[in-house]
Amino acid sequence: MFTSTITEPRVTYIKDIGFGGIASLRTIEEIAFLINSSLKDWGVRETAQDIVRDVRERDKLTEAKSIFKWVQSKVRYTYDPKGLETIQTPKVLLEDIANKGRAYGDCDDFTVLIGSLLRGLGHTIRIKAVSFKPSTTLSHVYLEDNINDKWIVLDGIKKDESMGWESSGVNRAITLNV
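All residue numbers refer to positions counted from 1 along the written sequence of the respective chain. Two thresholds apply to this predicted model, a pLDDT of at least 70 for residue-level local features and 80 or more for giving and counting side-chain atom pairs, whereas whole-chain, interface and lining totals are computed over all residues. The side-chain values count all of the structure's non-hydrogen atoms but skip hydrogen atoms and water molecules.

Caption draft 1: Structural view of the sheet that holds strand S6 (residues 125-131). The pairing criterion is simple: DSSP has to find at least two bridges between the two strands. What counts as a helix is a DSSP run of H or I of at least four residues, what counts as a strand is a run of E of at least two, and both are numbered from the N terminus. With antiparallel pairing, the 4 strands of this open sheet are ordered in space as S8-S7-S6-S9. Only two strands of the sheet have a single partner each, and these edge strands are strand S8 (150-154) and strand S9 (172-177). Shown here is a sheet whose adjacent strand axes are inclined to one another by a mean of 30 degrees, direction ignored. Here strand S7 (residues 140-147) pairs with S8 via 5 bridges, running antiparallel. Each residue of the ladder has a partner; that of isoleucine 147, found in S8, is lysine 150. Along the sheet, helix H3 (residues 60-74) makes contact with S7 and S8, crossing S7 at roughly 155 degrees. Sheet strands touched by helix H5 (residues 107-120): S6, S7 and S8. Its angle to S7, the strand with the most contacts, is close to 20 degrees. Axes here mean lines fitted to C-alpha atoms, for a helix over just the part in contact, with angles spanning 0 to 180 degrees between N-to-C directions. Throughout, a contact is declared for two residues whenever any of their heavy atoms are within 4.5 Å.

Written as structure tokens, this is what we have:
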């Protein structure tokens, strides 16, 4: 059984999300739910505002770059336990950063945090899930931000890559507007 875990401090919610393609779609839906739920969390919005405090007003591109670089510098890529898909809330990730100086997570955690911070600043984003092999299982997820009517990739898992970088060899992709 493939399960998804959503973690809050001292409380863990585990949902059975199934196998294969359907599990991938449910994971994307959970990510969208967490991003949208974070809009009610003033701490997430306050963090986003603090990150972009020196950015010129209405400069969405520089806001996105600032959020992207900040998350890349604060979250260390770490795989989930084998056979378990965990998704951390933005609150958990931000508390780890505040208390420990760093958070740990995989692509869905990067997506949740970057997406929550950008949505808190009014950005229009979508989740993109991709596979690299000819199968129904989507194996990687990241964000795209609509800036000046152009979708810009925000895949923060590689520290040496900038905003706009996208993995090559994508076999299949789906998007979900958030």
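Let's pick the thread back up.
Caption draft 2: Structural detail: the packing of helix H4 (residues 90-100) against H5. Across the interface, H4 lies against H5 with an axial gap of 9 Å and an inter-helix angle of 90 degrees. Compared by their axis directions, H4 and H5 come out roughly perpendicular. Judged by residue contacts, Pro90, Leu93, Leu94 and Ile97 of H4 engage Asp109, Val112, Leu113 and Ser116 from H5. Looking at the contact of H4 with H5 residue by residue, the classes come out as 6 nonpolar, 1 polar and 1 charged. Roughly parallel means an angle under 35 degrees; roughly antiparallel means over 145; roughly perpendicular covers 65 to 115; every other angle is labelled oblique. The nonpolar class holds Ala, Val, Leu, Ile, Met, Phe, Trp, Tyr, Cys and Pro. Asp, Glu, Lys and Arg form the charged class, and all remaining residues, Gly among them, are polar.

Caption draft 3: Examining the pattern of salt bridges more closely. Salt bridges are counted wherever a side-chain nitrogen of Lys or Arg sits within 4 Å of a carboxyl oxygen of Asp or Glu. The tally for this structure, following the rule as stated, stands at 7 salt bridges. The closest approach of N and O atoms between arginine 53 and aspartate 50, which form a salt bridge, is 2.5 Å. Each residue is placed in one exposure class: buried if its accessible area under a 1.4 Å probe, protein chains only, is under 20% of its type's maximum, exposed if it is over 50%, and partly exposed if it falls in between. The class for aspartate 50 is partly exposed, based on a relative accessible area of 44%. Of the charged contacts in the structure, one is a salt bridge between aspartate 96 and lysine 100, with a shortest N-O distance of 3.7 Å. A residue pair is termed a helical-turn pair when its members lie 3 or 4 positions apart in one helix, as aspartate 96 and lysine 100 do in helix H4 at 4 residues. The buried category is assigned to aspartate 96, whose relative accessible area is 18%. Each member of the salt-bridge network shares a partner with another, and the members are Arg126, Lys128, Glu144 and Glu166.

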